[in-house]
Amino acid sequence: MKIIARNKKALFNYNIIERFEAGIVLKGSEVVALRAGRANLKDSFVRIIKGELFLLNAHIALLNTTHAFYKHEERGARKLLMHKKQIDKLFGRVSIEGYTLVILDLYFNDKNKIKATLALVKGKNLHDKRETLKKKQADLDAKMALKNINKGIV
């Protein structure tokens, strides 16, 4: 599994409730751009429109080698592929329980197809974000201490 793009901001801003795998409908120029690693998921989100999932605001850059006729819209809506029962289940949880749908990453699977990791998330409060930063700093300090002990610097 080769990761193309990751949404790091989503991991910081949200608590992940459940993860799903979804296919994604792309044009040829988009696939070539993703193979070159030209994607950004920073402000992207997922909406359910008329019983279908759409990835909105994800940026897939244009390559300068793309012919003008085959160019894609950089921040266009892209359809996500999941089973109807899964979409209905997600729609119920989003509308009733107040969860949000975001994309965590885009990757190539074993068959070299582009897939997306979709997550059902709940927003974090400010104090939860501070706790995440404190934990991250404590883990970094512990790693540095272990590294210094192994080198004999103590």
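Rules used in this analysis
Residues numbered from 1 in each chain as written. Predicted model: local features only at pLDDT ≥ 70, side-chain atom pairs only at ≥ 80, totals over all residues. Heavy atoms only, no water. Core = buried A, V, L, I, M, F, W, Y, C linked by side-chain atoms within 4.5 Å. Buried < 20%, exposed > 50% of the residue type's maximum accessible area, 1.4 Å probe, protein only. Helix = DSSP H or I, 4+ residues; strand = E, 2+ residues; numbered from the N terminus. Contact = heavy atoms within 4.5 Å. Polar contact = N/O pair within 3.5 Å; in protein donor to acceptor, adjacent residues only side chain to side chain.

Caption draft 1: Region of the structure containing the nonpolar core. Formed by 28 residues in total, the largest nonpolar core has its most connected members in Leu 53, Leu 80, Leu 90 and Leu 118. When contributions to this core are tallied by element, the ones reaching two or more residues are β1 (2-6), β2 (14-24), α2 (28-35), β4 (45-49), β5 (52-56), α3 (84-97), β8 (100-108) and β9 (114-123). Not counting chain neighbours up to four residues away, the residues in contact with Leu 80 comprise Ala 22, Gly 23, Ile 24, Val 46, Leu 53, Leu 55, Ile 103, Ala 116 and Leu 118. By size, the runner-up hydrophobic cluster in this structure holds 5 residues, among which are Ala 10, Val 102, Ala 119 and Val 121.

Caption draft 2: View of the side chain of Asp 105. Here Asp 105 is to be found in strand β8. Judged by its relative accessible area of 8%, Asp 105 is buried. Separated by 2.6 Å, the side chains of Asp 105 and Thr 117 make a polar contact. Residues in contact with Asp 105, not counting those within four places in the same chain, are Ile 3, Ala 5, Arg 6, Leu 41, Lys 115, Ala 116 and Thr 117.

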